Amino acid sequence: MKKILVLGCGGFIGRNLTSYFSKKKNIRLYGTYLSKKPNIQNIKLYKHNILNRAKTDKLFKNKDVVINCAAITSGAKDILSKPYIHVTENNIINSIVIESAFKNKIKHLIMLSCTLMYKSSLRALKEKDLNLNDKIYPKYFGGAWMKVYMEKMSEFFSSISKTKFTIIRHSNLYGPFDKFDLKKSHVFGATINKVLNSQKFVKILGKGSEKRDLLYVDDFIDFVDKAILKQKKNFRIYNCGLGHYVSINTLVKKIIKISKKNLQIKHEKSFNSLNTFVKLDFNLASKELGWKPKISLDNGIEKTIKWYKSHYKKY
């Protein structure tokens, strides 16, 4: 029986992963949460702060697979006004996780990266297209280099251990249990909230011309499952995205249409939005893991709206 530990299962990604693995046979599932205990079946939960190194080392003992979803996250407002909040603690968390996996001879460690370090591009980017000599978007600088450091740390420890490392450079994820709070959510969750709770118009921060590669969380979970089962190399970095991007203006129009609301769009042009555009080439994951996204953006919007309405009484 495989023992899987999910760190940060109280958050969006961790919650969805543990809900999935809790239904699978031949898995003994463990998870950590920081504050509010999530309601998940068939799992042994620990209230735990990863920054406590001694307890983290103890928690890792006799586990086969560790998936690190523990992180400090928030939306565009914080990235613009307080970009440092995603750097220091996340660096420490990642370092402790990687070293604890090494000490405890974990068979497989899965670490979540991102696309912040990629330069905006009109074509879908491959993993090898990352050029660390390219100028990183200023507001992403700290967070991007934090992720690059994590990737290099993983590569280093994979070279001195038998632990298998998977680095997932995923695009913008959305779906059930996402953050929908307007102060902390990303653009998708914030837009769902705004559209479903608006009567006459919905406000967009900035011009809405920036573009995002949006992936429904179930496709991401399928990716993780396939990486655990099929990855052969000791260290691998994979892109994980829908493969094409959509402008924020188009996204808002889609959500309005699918929600069957009659709303006008207003732009708060004084807001300096993060005007970047990256879409991912996932051919490496398709070739090695047999993975490709199955859920279209329209279908994902429908699923998320349905979930939101069932979990939020007032909308």
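Residues numbered from 1 in each chain as written. Predicted model: local features only at pLDDT ≥ 70, side-chain atom pairs only at ≥ 80, totals over all residues. Heavy atoms only, no water.

### Comments concerning the overall build of the protein
Threshold: The way it works is that DSSP assigns letters per residue, a run of H or I at least four long becomes a helix, a run of E at least two long becomes a strand, and they are numbered from the N terminus. For a compact globule the rule gives 2.2 Å times the number of residues to the power 0.38, and the radius of gyration it is set against comes from C-alpha atoms. Categorising residues by exposure relies on relative accessible area from a 1.4 Å probe, with only protein chains included: less than 20% of the type maximum marks a residue as buried, more than 50% marks it as exposed, and the intermediate range marks it as partly exposed. Residue contacts are counted whenever heavy atoms from the two residues lie within 4.5 Å of one another. Throughout, the Shrake-Rupley method with a 1.4 Å probe supplies accessible areas, and for residues the shown protein chains are the sole cover considered. Counting rule for charge: Lys and Arg are taken as positive, Asp and Glu as negative, and neither His nor the chain ends is counted. Charged groups are reduced to one reference atom each: NZ for lysine, CZ for arginine, CG for aspartic acid, CD for glutamic acid.
Of regular secondary structure, the protein possesses ten helices and 13 strands. Whereas a compact globule of 315 residues would reach a radius of gyration of roughly 20 Å, the protein reaches 19 Å, a difference of no more than 12%. Along the first, second and third principal axes, the C-alpha atoms of the protein reach 55 × 45 × 35 Å. Buried residues in the protein amount to 55% of all 315 residues. In the protein, once contacts between residues fewer than 6 apart in sequence are set aside, the share between residues at least 24 apart is 80%. Accessible area of the protein: about 15900 Å², with a carbon and sulfur share of 51%. Here the protein contributes 62 positively and 23 negatively charged side chains, and the mean placements of these two sets differ by 5 Å.

### Here we look at a nonpolar patch on the surface
Let me state the cut-off plainly: Only residues above 30% relative accessible area that lack a salt bridge enter a patch, with like-charged residues linked at up to 9 Å and the nonpolar side chains Val, Leu, Ile, Met, Phe, Trp and Tyr linked at up to 5 Å. Think of a salt bridge as a Lys or Arg side-chain nitrogen and an Asp or Glu carboxyl oxygen that are within 4 Å of each other.
Taken together, the side chains of Phe102, Phe156 and Ile160 define a hydrophobic patch exposed on the protein surface, amounting to about 270 Å² of accessible area. Mapped onto the secondary structure, Ile160 falls in the loop between α5 (141-159) and β6 (164-170).

### Describing the nonpolar core
Applied cut-off: Among buried residues, those of type Ala, Val, Leu, Ile, Met, Phe, Trp, Tyr and Cys that are joined through side-chain atoms within 4.5 Å constitute a nonpolar core.
Counting 34 residues, the largest nonpolar core has Ile4, Leu17, Phe21, Ile67, Phe220 and Val224 as the members making the most contacts within it. Listing elements by their share of this core, those giving two or more residues are β1 (2-7), α1 (12-21), β2 (27-33), β4 (65-68), β5 (108-112), α7 (217-230), β11 (235-240) and α9 (283-289). The residues contacting Leu17, other than those within four sequence positions of it, are Ile67, Cys69, Phe220, Ile221 and Val224. Counting 24 residues, the second-largest nonpolar core is a separate cluster that includes Ile204, Val246, Leu251 and Ile301.

### Details of the pattern of salt bridges
For the structure shown, the criterion picks out 13 salt bridges. Here Lys24 ties to Asp225 by a salt bridge, and the two come within 3.1 Å at their closest N and O atoms. Here Asp225 lies in helix α7 and Lys24 lies in the loop between α1 and β2, a separation of 201 residues in the sequence.

### Some remarks on the environment of Gly208
Tracing the backbone through its elements, the reader meets Gly208 in the loop between β8 (201-205) and β9 (211-212). For Gly208 and Asn249, which are 41 residues apart along the polypeptide, the C-alpha to C-alpha distance reads 4.9 Å. Contact partners of Gly208, with chain neighbours within four places excluded, come to Ser247, Ile248, Asn249 and His267.

### Observations regarding the layout of surface pockets
Put simply, the rule reads: For cavity detection a 1 Å grid was placed over the protein atoms alone, and a set of points counts as a cavity when a 1.4 Å probe fits there but cannot get out; an open set counts as a pocket when protein lies on both sides within 12 Å along at least five of seven lines, with lining residues being those that have an atom within 4 Å of a point. Grid points are joined across faces, edges and corners, and a volume is the space filled by probe spheres set on the points.
Size it by volume and the second largest pocket reaches roughly 340 Å³. Around the second largest pocket, the lining is made up of 16 residues, and of these Glu127, Lys128, Arg169, Ile237 and Leu284 lie nearest the centre. Put simply, the parts of the chain that give the lining of the second largest pocket at least two residues each are α5, β11 and α9. Looking at which element gives the most residues to the lining of the second largest pocket, the answer is α5, with four residues.

### Quick notes on α5
Where we set the bar: Expected helix span is given by 1.5 Å per residue-to-residue step, counting one fewer step than there are residues.
Taking 1.5 Å per residue as the helical rise, α5 with its 19 residues ought to reach 27 Å, and the 27 Å between its terminal C-alpha atoms agrees with that figure. Those residues of α5 lying buried are Gly143, Ala144, Met146, Lys147, Val148, Met150, Glu151, Met153, Ser154, Phe157 and Ser158. Elements in contact with the buried residues of α5: α4 (88-103), β5, β6 and β11.

### Let's talk about the environment of Ala71
Here Ala71 lies in the loop between β4 and α3 (76-81). C-alpha of Ala71 to C-alpha of Asn197: the two residues are 126 residues apart in sequence and 29 Å apart in space.

### Digging into helix α6 (residues 187-197)
Across the eleven residues of α6, eight count as buried, placing the element largely inside the fold. The secondary structure elements touched by the buried residues of α6 are β7 (172-174), β8, β10 (214-216), α8 (248-258) and α10 (297-311).

### A word on the packing of α6 against α10
Note the cut-off: Axes here refer to lines fitted to C-alpha atoms; in helices the fit is confined to the stretch in contact. Angles between the N-to-C directions go from 0 to 180 degrees. Should the near helix be turned anticlockwise from the far one by less than a right angle, the crossing is left-handed, and should it be turned clockwise, the crossing is right-handed. Amino acids are sorted into nonpolar (Ala, Val, Leu, Ile, Met, Phe, Trp, Tyr, Cys and Pro), charged (Asp, Glu, Lys and Arg) and polar (every other residue, Gly among them).
Two numbers describe how α6 lies on α10: the axes approach to 11 Å, and their chain directions differ by 60 degrees. Helix-helix and strand crossings are classified by hand; for α6 and α10 the assignment is right-handed. Across the interface between the two elements, Phe188, Ile192, Asn193, Leu196 and Asn197 of α6 pack against Leu297, Ile301, Thr304, Ile305, Tyr308 and Lys309 of α10. By residue class, the composition of the contact of α6 with α10 is seven nonpolar, three polar and one charged.

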